[in-house]
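Each chain, written out:
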Amino acid sequence: MVMNNKTDKELVGRSRRFCVVASYAVFLLFILAGVAGGGQDKSMQTHWRFDFGNGPVVQDYIKVETDKVFISGSDFGFLDNADLTWLCYEQGDDLSCDLCYSEKPFYFTVKLAQEGNYRVRVTLGDLRGESQTSVKAESRRLMLYDVRTDAGEIVTKEFIVNVRNSLLPGDDRVKLKSRESGVWHWDDELTLEFNGKRTCLCALEIEYEPDIPTIFLAGDSTVTDQPAEPWTSWGQMLTLLFKPEIAIANYAESGETLAAFTAEKRFAKIFSQIKKGDYLFIQFAHNDMKRGTPEQTGYAEALRHLVSKTRDLGACPVLVTSMHRRSFDDNGKVKDTMQGYPEAMEAVASMENVALLDLHAMSSELYEALGPSGSAIAFQDGTHHNAYGAYEIARCVALAISREMPELKPYLTDGADAFRPAVPDDIAGLDFPVSLRSSIEKPEGD
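Residues numbered from 1 in each chain as written. Predicted model: local features only at pLDDT ≥ 70, side-chain atom pairs only at ≥ 80, totals over all residues. Heavy atoms only, no water.

**Some remarks on the overall build of the chain**
Looking only at helices and strands, the chain features nine helices and 18 strands. Looking at the chain as a whole, 57% of its 446 residues qualify as buried. Put simply, of all contacts in the chain between residues at least 6 apart along the chain, 76% involve residues at least 24 apart. Accessible surface computed for the chain: about 18,700 Å², of which carbon and sulfur atoms make up 49%. (Helix = DSSP H or I, 4+ residues; strand = E, 2+ residues; numbered from the N terminus. Buried < 20%, exposed > 50% of the residue type's maximum accessible area, 1.4 Å probe, protein only. Contact = heavy atoms within 4.5 Å. Areas by Shrake-Rupley, 256 points an atom, 1.4 Å probe, with all protein chains shown as cover.)

Now the structure itself:
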C-alpha cells in the first residue's frame, strides 16, 4: 500500500490593528501559542493534546472527530486507511472515559511548527477490555513495542521523535533522491503508526523539546529508516533501546558512500542542526568499498575532517565499523568482504582518540552464532536485514555503547547491556508488528 505525502498548509497572516482591544487579542495569541486548544495560530503551535473517543472532550485537549482525515492543508488527522471503533463508557472528564480502538494498523499525522525533537506521550488502555499496542514513528522507527494492558488498566508511555525537513540555510536544500520523494522522514509533519492486536488509544500529547540531547546517525542502507516492509535497518530499531531522555535523528540513506553523503549536503544538514552535547555516529563502507580501497577513496582523510568538524561544533563524533555481509566459508566462519574499510576506521579512531563501536567484530560473532543456514532468519538478502536482524544489530550497537561510552549508558533502557552477540535472541519470542507499506524492490546498495 502506498500513501501520498502531505504538503505544507498555507500560513494565515494577521493584519495589524492600532487599538487597545486588538493589541490585547494579538498578545493573547502569543501567550496561547504552544498550548493545545482551539483559536491559536497553528503555525506557531509547539504543544498539542488530543482526546480520542466519542465522549466529552477533556479540558485543554483537542477533540479528534471520527471523520478527521489528514489531507493537504490539515493541522492533524488520520490517514485514509483508518479503521477505528469509537467508544465512550461514561460522561466524565477523565481521558480513560473514552477511546478509539482498532485491530489493524492506523496512522495519525500532525503538522508541526518546526523541525527538531518532540516528546510524545500516548495514553493507552481500555476500562473494559485488554489492549496490545506497538508504536512506530515517521518511516517505521520502532518507539514502543508490545505494550499490554489488562481490562481497567490505563497507561501513559513516552518517547522522543526527531522530525526534519530538507531545508538548509541560505535557501539551499539537501539533494534528495527520487526514492525519497514522499517518505515521511523528510517533512514538517509527525506521523505515528499504531499497530497491534488491539490498539486502544485514549489520548496523545506532542511537545517540542529543543534542548534534549540528540544522537545523529550518518550511514547507508544498513542504517537508514527503510520506508517499506520487509526491509529494516538498525537505526530504526535503536530508538527502542533508549529511554525518552535522548533523541535519535536518523539521517542515513540507502546507497550512500561517505563522499556522496557529503556532496548531497546531508552532512551539511546535520551540522546545521547539531549542537553542543550531541553525538554524531558515522557508519560507511558497504558502498565505498566498491569504488576502491580506503586509500583510493580518501576514506580516512574524510573521516578525520568529519571528526574535526563535529568537535568544532561542540558535539561528540563516534565511529561505527560496518557489519559483515551474510557470507560464510566452508568452515562456517564469516568471510570478510569489506576490503580493509573497518581497519581504516579503527586507525582513525585510534589516531583521533574517537569512540569506536566495532560492529564489524560483533556482527561476525552474531552471524556465526546463528550459522550459515540459521542466519537466513535475520536477512532479506546478503546485506539487508529484516526486523529481527535489524533488532539484533541494534542490540549490538547498544551493547557497544554501554561498553565504550559510559556517559551514554544511563540513557539506554534496562537490560540493553545484557545482550551477547554469541547468544542471539530467540526469534520465537519476538513478534514485531508489520507496517502497511511494503515493497519487493530492494534498497539501493548491497
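**Digging into the pattern of salt bridges**
One pass over the full model with this rule turns up 27 salt bridges. Of the charged contacts in the structure, one is a salt bridge between aspartate 172 and lysine 265, with a shortest N-O distance of 2.4 Å. Of this pair, aspartate 172 sits in strand E12 (residues 172-173) while lysine 265 is found in the loop between helix H3 (258-263) and helix H4 (266-273), placing the two residues 93 residues apart along the sequence. Judged by its relative accessible area of 26%, lysine 265 falls in the partly exposed class. (Salt bridge = Lys/Arg side-chain N within 4 Å of Asp/Glu carboxyl O.)

**Concerning the nonpolar core**
Counting 47 residues, the largest nonpolar core has Ile215, Trp234, Phe281, Leu357 and Ile401 as its most contacted members. Contributions of two or more residues to this core are made by strand E14 (214-219), helix H2 (234-238), strand E16 (279-283), strand E17 (316-320), helix H8 (359-370) and helix H9 (387-404). For this core, the element with the most residues is H9, which contributes 12 residues. When residues no more than four places from it in sequence are discounted, the contact partners of leucine 357 are Phe281, Val318, Leu319, Val320, Thr321, Val397, Ala400, Ile401, Glu404 and Met405. Counting residues in each nonpolar core, the second largest holds 33 residues, with Val110, Ala137, Met143 and Ile206 among its members. (Core = buried A, V, L, I, M, F, W, Y, C linked by side-chain atoms within 4.5 Å.)

**Some details on the packing of aromatic side chains**
In the structure shown here, the tally under the stated rule is 23 aromatic pairs. One aromatic cluster in this structure is built from Trp48, Phe50, Phe52, Phe76, Phe78, Trp86, Phe106, Phe108 and Phe194. Positioned over the ring face of tyrosine 251 is arginine 164, at 4.3 Å from the centre of the ring. Here the guanidinium or amino end of arginine 437 rests over the ring plane of tryptophan 184, the centre of that ring lying 4.1 Å away. (Phe/Tyr/Trp six-rings, centres within 6.5 Å; stacked < 30°, edge-to-face > 60°. Lys NZ or Arg CZ within 6 Å of the ring centre and 35° of its normal.)

**Remarks on the side chain of arginine 141**
Here arginine 141 shows up in strand E9 (residues 141-149). For arginine 141, the contacting residues outside a window of four places in its chain are Val135, Lys136, Val161, Asn162, Arg164, His185, Asp225, Gln236, Thr239 and Ile248.

**Some details on empty space enclosed by the protein**
The tally for this structure, following the rule as stated, stands at three cavities of 30 Å³ or more. Taken as a whole, the largest cavity encloses approximately 50 Å³ of empty space. As for the largest cavity, its lining consists of Tyr107, Glu138, Ser139, Arg140, Trp184, Glu193, Pro227, Ser435 and Arg437. Of the residues assigned to the lining of the largest cavity, the class counts are three nonpolar, two polar and four charged. (1 Å grid on protein atoms, 1.4 Å probe; cavity = no way out; pocket = protein on both sides within 12 Å on 5 of 7 lines; lining within 4 Å. Points joined across faces, edges and corners; volume = space filled by probe spheres on them. Nonpolar A, V, L, I, M, F, W, Y, C, P; charged D, E, K, R; others polar.)

**Details of the packing of H8 against H9**
In the contact formed by H8 and H9, the axes pass within 10 Å of each other and the chain directions differ by 135 degrees. As summarised for this structure, H8 and H9 are arranged oblique, according to the angle between their axes. Here H8 and H9 pass one another in a crossing that is right-handed. Residue-level contacts link Leu359, Met362, Ser363, Leu366, Tyr367 and Leu370 of H8 to Tyr388, Glu392, Ile393, Cys396, Val397, Leu399, Ala400 and Arg403 of H9. Grouping the constituent residues of the contact of H8 with H9 by class yields 11 nonpolar, one polar and two charged. (Axes fitted to C-alpha atoms, helices over the stretch in contact; angles between N-to-C directions. Parallel < 35°, antiparallel > 145°, perpendicular 65-115°, else oblique. Left-handed = near helix turned anticlockwise from the far one by under 90°.)

**As for the confidence of the model for the chain**
Scored by pLDDT, the chain comes out at a mean of 90, with 89% of its residues at no less than 70. Contacts of residues 1-40 to residues separated by more than four positions or lying in other chains number 59 contacts, the stretch itself having pLDDT below 50. (pLDDT = per-residue confidence, 0-100.)

**What about the packing of helix H6 (residues 299-312) against helix H7 (residues 341-352)?**
Where H6 meets H7, the axes come as close as 10 Å, and the angle between the chain directions of the two elements is 40 degrees. Relative to H7, the element H6 lies oblique. Between H6 and H7 lies a crossing of right-handed hand. Together, Tyr299, Ala300, Leu303, Arg304, Val307 and Arg311 of H6 and Tyr341, Ala344, Met345, Val348, Met351 and Glu352 of H7 make up the contact between the two elements. Broken down by class, the residue content of the contact of H6 with H7 amounts to nine nonpolar, no polar and three charged.

**Quick look at the sheet that holds E14**
Taking strand neighbours across the sheet as the criterion, the five strands line up as E15-E14-E16-E17-E18 in an open arrangement whose pairing is parallel. Of all the strands in the sheet, just strand E15 (247-250) and strand E18 (355-357) have a single pairing partner and so form its edges. With strand direction ignored, the average angle separating the axes of adjacent strands in the sheet is 25 degrees. Where E14 and E15 come together, four bridges link them in parallel fashion. Paired with threonine 214 across the two strands is alanine 247, which belongs to E15. Against the sheet, H4 contacts E14 and E16, and its axis sits at roughly 175 degrees relative to E14. Along the sheet, H7 contacts E16, E17 and E18; its crossing angle with E17, the most-contacted strand, is approximately 150 degrees. (Pairing = 2+ DSSP bridges.)

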